[in-house]
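Topology and contacts: notes
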Amino acid sequence: MIRSRLMKGTVSILALMLLLAGDPLLQAGVTKEAASKYLKDVQKGNPDFKSVGKITFGPGGLLVVADPAKATITVIDTHDVGPLKKLEQKVPKVDVAVASSLGVEPSQIDIADMAVNSQSGNVYLAVNRKTDGQAAILMIDAQGKVKNFDVSEVDFIQVALPGGKDSKIRNITGVALASDRLLAAAQSNEEFANKIYSIPLPLTHGTSADIYSAETYHVAHRRWETKAPIQSFVPYSNKGKNYIVGAFACTPIAKFPLDELQSGSKVKGTSVVELGSGNRPLDMLTYESDGKEWLLTNTFRFHWKKSMYGPSKWWGVRVNMDYLDAEDVNEEAARRDVKQKTGPDGIEIVDQLSGAVHIDKLQKKEIVVLRDNDGHLDLEITELP
């Protein structure tokens, strides 16, 4: 039996069956239970976003939103708990519809991130309007209709990501709800610019996060680095220990221990896989297939004109999670064979991620993909190998 590695909330099988069947009383109960476990001192009103960046969903319709401009993380109880209705068909040029809903042209918006609510099937986008910096959260339903998610009167908590006396958060590069904490990755202007933030559950409005400075061995660069931020990550647990597994530009995958750390301390990561230089990871998730657990990431090849792995500068790869068991490897980390589609064993290019600008998991092996199509963006569901 494959051991469970990821820290996540659980819902009983009976409850899940009733939820998917659309029982309204149970839906309300799941929302209430999730909110009470994860949120404390819930506010009613407008989170007052200055920007929107990375977003993700937790249990019970809880939407986590990073605001890099304010250096805050907001968790919103969307009350969007189903029943599940999947996207019925591919939505071509969804960027045109998104821009139109904000009164501008597609070139005047930045879709910072995408998150899928696996309980309802609704797709959420974090969008910033370039013309005036206006931040918005949009929702796309099963029919492909783009709607504004009104944040003027929502249930939410908001927590701050602290900096030092003379430091400033430049960007928040990842967020995730684990079973016992909220995690975030960010970049500051300090020498140790790569930051990891941890906030225990339940999340209390107005509190601040514990902060760790992270150092990583960059396999392709053959040196320890402190400035490169984690680009994407997932929470991970193994043998009773908790970690963040993150990917970096140029492109090591590393794990960072989270247990028994004091706020303000420095933590060294262990690089376990090198995906090849010239890439920037975008999203990361895990799934099971054929009795194996896989770590999946889509990346942007910023040297794509020199060396292309396929028809697009956006591509993706999966890594067997057994590689995460490695200890103290770094320089000896497994290196992806950049001249082949697969290799070494357990590291494979995934064709379904060609052109994938953003991805998120719907259920099991199904993911939602926001895919580049000759400069526009199509939204669709695809199944992983």
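Residues numbered from 1 in each chain as written. Predicted model: local features only at pLDDT ≥ 70, side-chain atom pairs only at ≥ 80, totals over all residues. Heavy atoms only, no water.

1. Here's the deal with the nonpolar core
By size, the foremost hydrophobic cluster in this structure holds 27 residues, and its most contacted members are Val94, Val98, Ile109, Leu125, Val127, Leu370 and Leu379. Among the secondary structure elements, those contributing two or more residues to this core are α3 (94–101), β6 (109–116), β7 (123–129), β8 (135–140), β27 (356–363), β28 (366–373) and β29 (376–383). With 4 residues, the top contributor of residues to this core is β6. When residues no more than four places from it in sequence are discounted, the contact partners of Leu370 are Val94, Ile111, Met114, Leu125, Gly355, Ala356, Val357, His358, Leu377, Asp378 and Leu379. The next biggest cluster of nonpolar side chains, apart from the first, holds 24 residues, and it includes Leu62, Val75, Val175 and Ala184. (Core = buried A, V, L, I, M, F, W, Y, C linked by side-chain atoms within 4.5 Å. Buried < 20%, exposed > 50% of the residue type's maximum accessible area, 1.4 Å probe, protein only. Helix = DSSP H or I, 4+ residues; strand = E, 2+ residues; numbered from the N terminus. Contact = heavy atoms within 4.5 Å.)

2. Regarding the packing of aromatic side chains
Taken as a whole and judged by the stated rule, the model has 4 aromatic pairs. Measuring from centroid to centroid gives 4.9 Å for Phe57 and Tyr124, while their planes differ by 65°, and the two rings are edge-to-face. Highlighted residues: Phe57 in strand β3 (residues 55–58) and Tyr124 in strand β7, separated in sequence by 67 residues. Centre to centre, the rings of Tyr236 and Tyr243 are 5.4 Å apart; their planes meet at 45°, and the pair counts as tilted. Exposure remark for Tyr236: the relative accessible area of 0% places this residue in the buried category. The exposure class of Tyr243 is buried, given its relative accessible area of 10%. The structure contains a cluster of three or more aromatic residues connected by ring pairs, namely Phe57, Tyr124 and Phe149. (Phe/Tyr/Trp six-rings, centres within 6.5 Å; stacked < 30°, edge-to-face > 60°.)

3. Comments concerning the confidence of the model for the chain
Here the chain averages 85 in pLDDT, and 82% of its residues register 70 or above. The model gives residues 1–29 a pLDDT under 50, and that stretch makes 46 contacts with residues more than four places away or in other chains. (pLDDT = per-residue confidence, 0-100.)

4. Details of the pairing of β3
Residues of β3 alternate between two faces, with Ile55 and Phe57 on one and Thr56 and Gly58 on the opposite face, all of them buried. If you look at the hairpin formed by β3 and strand β4 (residues 62–67), you'll find 3 residues sitting between the two strands, and Gly60 has a positive phi there, around 65°. (Pairing = 2+ DSSP bridges.)

5. What about the environment of Phe300?
Looking at the secondary structure, you find Phe300 in strand β23 (residues 292–301). Classification of Phe300 as buried rests on a relative accessible area of 15%. In this structure, the C-alpha to C-alpha distance between Phe300 and Ala249, residues 51 residues apart in sequence, is 9.3 Å. Setting aside anything within four residues of it in sequence, one finds Phe300 in contact with Gly278, Asn279, Arg280, Leu282, Lys313 and Trp314.

6. Thoughts on the pattern of salt bridges
Enumeration over the complete set of coordinates arrives at 11 salt bridges. Note that Lys50 is salt-bridged to Asp48, the shortest N-O span being 3.6 Å. The partly exposed category is assigned to Asp48, whose relative accessible area is 39%. One salt-bridge network, held together by shared partners, links Asp180, Arg181 and Asp259. (Salt bridge = Lys/Arg side-chain N within 4 Å of Asp/Glu carboxyl O.)

7. Describing the side chain of Asn279
Summarising the element assignment, Asn279 is placed in strand β22 (residues 279–289). A relative accessible area of 0% places Asn279 in the buried class. Among the polar contacts made by the side chain of Asn279, one reaches the main-chain carbonyl oxygen of Gly276 at a distance of 3.0 Å. Only 3.3 Å separates the side chain of Asn279 from the backbone oxygen of Ser277, close enough to count as a polar contact. (Polar contact = N/O pair within 3.5 Å; in protein donor to acceptor, adjacent residues only side chain to side chain.)

8. Here's the deal with the layout of surface pockets
There is about 650 Å³ of room inside the second largest pocket. In terms of lining, the second largest pocket is formed by 25 residues, of which the most central are Asp110, Ile111, Ala112, Val357 and His358. Among the secondary structure elements, those contributing two or more residues to the lining of the second largest pocket are β6, β11 (169–177), β22 and β27. Take the lining of the second largest pocket: its biggest share by element is 4 residues, from β6. (1 Å grid on protein atoms, 1.4 Å probe; cavity = no way out; pocket = protein on both sides within 12 Å on 5 of 7 lines; lining within 4 Å. Points joined across faces, edges and corners; volume = space filled by probe spheres on them.)

9. Some remarks on the sheet that holds strand β24 (residues 314–320)
Overall, antiparallel pairing links the 4 strands, which are arranged β22-β23-β24-β26 in an open sheet. With partners counted over all chains shown, the strands left at the sheet margins are β22 and β26 (347–349), one partner each. If you compare each strand with its neighbour and ignore which way they point, the axes differ by 25° on average. The sheet contact formed by β22 and β23 spans 10 bridges and is antiparallel. Note that in β23 the partner of Thr286 across the bridge is Leu295. (Axes fitted to C-alpha atoms, helices over the stretch in contact; angles between N-to-C directions.)

10. Digging into the sheet that holds β27
With respect to topology, 3 strands assemble into an open sheet ordered β27-β28-β29, the strand pairing being antiparallel. Edge positions in the open sheet fall to β27 and β29, since each of these has one partner strand only. Adjacent strand axes in the sheet meet at a mean angle of 20°, parallel and antiparallel pairs treated alike. Sheet topology places β27 next to β28; 6 bridges connect them, and they run antiparallel. Counted as the bridge partner of Ile359 is Val369 from β28. Contacting β28 and β29, α3 runs over the sheet at an angle of about 125° to β29.

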